[in-house]
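Residue-level structural notes
Chain by chain, the residues:
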Amino acid sequence: MTLSSEADDRDAIRKNWGWFLALGVLVLVFGIIAAGNLFVATIASTYLIGILMIVAAIAQIVQAFSVPGWGGKIFAVIAAALYGFAGYFAFSQPLAATATLTLALGALLLASGVIRVFMAFKERPLAGWGWMLFGAVVTAIAGLLILSGWPGNSVWVLGMVLAVDLIASGISYIMLALGLKDV
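Just so it is clear, the model here is predicted, and its values are computed rather than measured.

What about the overall build of the chain?
Along the backbone of the chain there are seven helices and zero strands. Across the chain, helices and strands are ordered from the amino to the carboxyl terminus as α-α-α-α-α-α-α. Its C-alpha radius of gyration of 21 Å places the chain more than 25% over the 16 Å reference for a compact globule of 183 residues. C-alpha atoms of the chain, sized along the principal axes, occupy 55 × 45 × 45 Å. Counting every position in the chain, which comprises 183 residues, the buried fraction comes to 25%. Long-range contacts, defined as pairs at least 24 residues apart, comprise 74% of the intrachain contacts of the chain with a sequence gap of at least 6. Of the accessible surface of the chain, which amounts to about 11,500 Å², a share of 77% is contributed by carbon and sulfur atoms.

Spelled out as structure tokens, the structure:
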């Protein structure tokens, strides 16, 4: 990409700052709605994950039979069956699926935080390693908090994560739009 085309891209983005603002407001409103009913947002998140799993199952089956002579067909079909089962489970047992997803989220956050703590100490001589450590500890604590409240918190944790993400994304788009407007 040349310098002039990058400048043209920036000019086009600046001229359309209103679309970024509209997107930010819309995402922010959805985040506020999600925050208003965390249970509904949690179930909606579970259904969305179920849909994605079913789509993945279909794609896995299509892929398995679209490559002639591929020896991995049996494994692809097994993977598709597991994806399909997970998607079906999300729709047929949404509360149990929500509890399972919340447990997985807590465990993954805890594991990620612990691993990142070790990474931070490994990078200790570098400037800013403390911020890496801080982020790792916050992630590990979030995982511990989710796990310590499980399964009772399963009815709201995923909805809260969704709401916080939507609100933060909405605000960031709004701020980006306002920054583009002034340039």
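Description of a nonpolar patch on the surface
Where nonpolar side chains cluster on the molecular surface, the patch consists of Y47, L48, I51, L52, I54, V55, I58, V62 and F91 and spans about 790 Å² of accessible area. With eight residues, the single largest contributor to the nonpolar patch is helix α3 (residues 38-66). Topologically, L52 is positioned in helix α3. Owing to a relative accessible area of 51%, L52 belongs among the exposed residues under this scheme.

Here's the deal with the packing of aromatic side chains
Summed over all chains, the structure comprises five aromatic pairs. Ring centres of F85 and F89 lie 6.1 Å apart, and the angle between their planes is 20°; this geometry places the pair in the stacked category. With F85 and F89 both in helix α4 (residues 73-92) and four residues apart, this pair spans about one turn of that helix. A relative accessible area of 52% means that F85 is categorised as exposed. For the ring pair W131 and F134, a centre distance of 5.9 Å and an interplane angle of 80° mean the geometry is edge-to-face. Of the two residues, W131 and F134 both sit in helix α6 (residues 129-149), three residues apart, roughly one turn of that helix. Residues W131 and F134 agree in their burial class; the two are exposed.

Details of the packing of α3 against helix α7 (residues 157-182)
α7 packs onto α3 with a crossing angle of 90° between their chain directions and a minimal axis gap of 7 Å. By the angle between their axes, α3 is roughly perpendicular relative to α7. From α3, L38, A41, T42, S45 and T46 reach across to α7, where they touch V157, L158, G159, M160, L162 and A163. Taken together, the residues that form the contact of α3 with α7 break down as seven nonpolar, four polar and no charged.

Things to note about the confidence of the model for the chain
Summing up the model confidence of the chain, the mean pLDDT is 92 and the portion of residues at 70 or higher is 97%. Predicted confidence in the chain is weakest over helix α1 (residues 3-15), with a mean pLDDT of 74, and strongest over helix α5 (residues 94-122), with 96.

Examining unusual backbone geometry
In this chain, W150 is followed by P151 through a cis amide linkage whose omega measures 5°. The topology assignment puts P151 in the loop between α6 and α7.

With respect to the UniProt feature "transmembrane region" (unreviewed entry) in the chain
UniProt records the feature "transmembrane region" (unreviewed entry) for residues 20-41, 47-67, 74-91, 97-119, 131-150 and 156-180 in the present numbering. Along residues 47-67 one finds 95% helix and 0% strand; the C-alpha atoms at either end are 31 Å apart. Summarising residues 131-150: 95% helix, 0% strand, and an end-to-end C-alpha distance of 29 Å.

What counts and how
Residues numbered from 1 in each chain as written. Predicted model: local features only at pLDDT ≥ 70, side-chain atom pairs only at ≥ 80, totals over all residues. Heavy atoms only, no water. Helix = DSSP H or I, 4+ residues; strand = E, 2+ residues; numbered from the N terminus. Rg over C-alpha atoms; globule rule 2.2 N^0.38 Å. Buried < 20%, exposed > 50% of the residue type's maximum accessible area, 1.4 Å probe, protein only. Contact = heavy atoms within 4.5 Å. Areas by Shrake-Rupley, 256 points an atom, 1.4 Å probe, with all protein chains shown as cover. Patch = residues over 30% accessible without salt bridge, like charges linked within 9 Å, V, L, I, M, F, W, Y side chains within 5 Å. Salt bridge = Lys/Arg side-chain N within 4 Å of Asp/Glu carboxyl O. Phe/Tyr/Trp six-rings, centres within 6.5 Å; stacked < 30°, edge-to-face > 60°. Axes fitted to C-alpha atoms, helices over the stretch in contact; angles between N-to-C directions. Parallel < 35°, antiparallel > 145°, perpendicular 65-115°, else oblique. Nonpolar A, V, L, I, M, F, W, Y, C, P; charged D, E, K, R; others polar. pLDDT = per-residue confidence, 0-100. UniProt positions renumbered as here; feature names shortened; annotations may be inferred.

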